[in-house]
Amino acid sequence: MSRTDMTPEELAAWQARKDNGRAAAKSAEVQIAAAIRDKPELIDGFRAFCARMNPYSIRNCLRIFGQNPEATHVQPRFFWGGYGRAIIDDNAAVWIMAPKVERTKTKEVENPRTGQVEEVEDTYKFWPVEDVYPASATVPKNGPCPFCNGPEGERCPDWCAVMQPQAGSAPSREDVAEALNAVLKQIGGFDPNLLHGLGPDPIDEDDGCPGVTWHNVTITKGAAKDKKPRTRRYRFIHTIDLDRPGVRYAVAGLGVIWIGPHEFRRDTGGDDAVTVQYGDDVPSDWEKPRWAWGDSAYHQAGPHAPNINGITFASYSVVYPSEDRWRWFEPWREGKGRVPETTAEQMGQVVRQLLDHYRGLVELDAIEQAGFRKRSAYRAREAEHEASRLAKREQELAQQRAEAEQRAAAQRALAEQ
């Protein structure tokens, strides 16, 4: 609901919630800063907390830690919506201060010299307070979680990627000391000499801290008349399966896409084909609807099948990554028929970006070798089947030849009588 649509009572409640949130953020910030000042040995543990809170600032990490030290993955409400998740505990809100905003408003004032009322522009700056929510306060919506397959509406297990800390780089001790000094400047500041007694730094700033590494893909959608094109960013993680072989891309708010070597490509060199599968594998015991019996054009969407513009993708595409115009990139939709051109083009944007990631993996050689071994085993079975077929055919021909010779001999005997 927009503030312009609020009643005076609703607006007052909204403002009170913001004021309480601002007070909670400031109190938590000072409390944790003072605790680190009193016990400097806590600074490295706080730096590790900052790393998993990427990309929040050090001071916002103080605010988050002070309100929920168990938090792992924290995002705004609208961001969780983009993850395909719903917030189920509004009381779990954690308050931070958003970046400084500068605004200008026009007001009417009386000119003391002329007595005339004039319009004057007044510029002011402020730091908005914002509520963010830990992953533990969210659940999957509109279907199971694509990361852990947890059921819709139920909290995901702690090992789910969404619940895990994000990978990130920890700030230096000096950067934290500078932020602590700014927070505590009214009550004595923070003495940077306290850092000298901490010993060697246990955190390698180049390697960062362990956690889930997220990547981004972006879709650019066509603009309405006289408007700019709209973009939407999706975050994803990937897992590698050498038995398949392939890479499973779980894309928050979109679905699952598998990319791997095309199972039946001929290995002729160059830029060989890859298979792009939409969703996880369709269960082998699925049954077609009665109307689809005997209809090879019917396509069943697998679990976590991606959905764009209300259209669910199914089956797979065979793609030659280096070609400007991809051959056979005409994806199928669930049920019957092709995906409309505009929606297919948007999926094409996603696939191109995922292919760039796929081809840049350090494990790509291992994936290719696993694919080659699998194709070799398939071709060995294919060759054995062909050899068996030819041997059977040779037996049939030999039998036919023997029968023909017998008939010929019989005919010659009759001719000699």
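Predicted model, so just to flag it, every value in this text is computed and none were measured.

A separate point is the pairing of strand β9 (residues 230-241). Pairing between strand β8 (residues 215-221) and β9: seven bridges, direction antiparallel. For Thr 220, the partnering residue across the bridge sits in β9 and is Thr 231. Looking at chain direction, β9 and strand β10 (residues 246-251) are connected through six bridges and run antiparallel. If you follow Ile 240 over to β10, its bridge partner there is Val 247. What sits between β9 and β10 in their antiparallel hairpin is a turn of four residues.

Right, let's talk about the packing of aromatic side chains for a bit. The way to describe two aromatic rings as a pair is by their centre distance and the angle between their planes. What the rule picks out here adds up to nine aromatic pairs. With a centroid separation of 6.4 Å and 90 degrees between ring planes, the pair formed by Phe 46 and Phe 65 is classed as edge-to-face. Taken together, the residues Phe 46 in helix α2 (residues 43-52) and Phe 65 in helix α3 (residues 58-67) connect sequence positions 19 residues apart. Aromatic rings pair up to connect Phe 78, Phe 79, Trp 80, Tyr 83, Phe 147 and Trp 214 into one cluster. Between Arg 244 and the ring centre of Trp 258, over which it is positioned, the NZ or CZ distance is 3.9 Å. Sitting above the plane of the Trp 332 ring, Arg 338 keeps its charged end 3.8 Å from the centroid.

Within the protein, residue pLDDT values average 85, and 85% of them lie at 70 or more. Mean pLDDT per element in the protein: strand β5 (residues 117-126) is the minimum at 61, and β10 is the maximum at 97.

Strand order across the open sheet formed by three strands is β1-β6-β3, with antiparallel pairing between neighbours. The sheet terminates laterally at β1 (74-76) and β3 (94-97), the two strands that pair on one side only. Adjacent strand axes in the sheet meet at a mean angle of 45 degrees when their direction is disregarded. Here four bridges tie β3 to strand β6 (residues 129-134), and the two strands are oriented antiparallel to one another. When the sheet's bridge partners are listed, Ile 96 is paired in β6 with Glu 130. The strands touched by helix α1 (residues 8-38) within the sheet are β3 and β6, with β3 carrying the most contacts at an inclination of about 80 degrees. Along the sheet, α3 makes contact with β1 and β3, crossing β3 at roughly 165 degrees.

Per the stated rule, a full pass over the model turns up 13 salt bridges. Where Glu 29 meets Arg 63, a salt bridge forms, and the shortest distance between an N and an O atom there is 3.1 Å. Residue Glu 29 is located in helix α1, and its partner Arg 63 is located in helix α3; the two are separated by 34 residues in the primary sequence. By the burial criterion, Glu 29 is buried, and Arg 63 matches it. For Asp 281, the salt bridge goes to Arg 244, with nearest N and O atoms at 3.0 Å.

This next bit is on α1. When the terminal C-alpha atoms of α1 are compared, their 45 Å separation across 31 residues agrees well with the 45 Å that a helix rising 1.5 Å per residue should span. All of the buried residues in α1 are Lys 18, Gly 21, Ala 25, Ala 28, Glu 29, Ile 32, Ala 33, Ala 34 and Ile 36. Looking at the buried positions of α1, the neighbouring elements they touch are α2, α3, β3, β6 and α5 (173-183).

Time to look at the sheet that holds β10. Across the sheet, six strands lie side by side as β8-β9-β10-β11-β12-β15; this open sheet has antiparallel pairing. One side of each edge strand has no neighbouring strand; the edge strands of this open sheet are β8 and β15 (316-319). Strand-to-strand twist of the sheet, defined as the mean angle between neighbouring strand axes without regard to direction, takes the value 25 degrees. Where β10 lies against strand β11 (residues 255-261), five bridges are found, and the strand directions are antiparallel.

What counts as what
Residues numbered from 1 in each chain as written. Predicted model: local features only at pLDDT ≥ 70, side-chain atom pairs only at ≥ 80, totals over all residues. Heavy atoms only, no water. Pairing = 2+ DSSP bridges. Helix = DSSP H or I, 4+ residues; strand = E, 2+ residues; numbered from the N terminus. Phe/Tyr/Trp six-rings, centres within 6.5 Å; stacked < 30°, edge-to-face > 60°. Lys NZ or Arg CZ within 6 Å of the ring centre and 35° of its normal. pLDDT = per-residue confidence, 0-100. Axes fitted to C-alpha atoms, helices over the stretch in contact; angles between N-to-C directions. Contact = heavy atoms within 4.5 Å. Salt bridge = Lys/Arg side-chain N within 4 Å of Asp/Glu carboxyl O. Buried < 20%, exposed > 50% of the residue type's maximum accessible area, 1.4 Å probe, protein only. Expected span 1.5 Å × (residues − 1).

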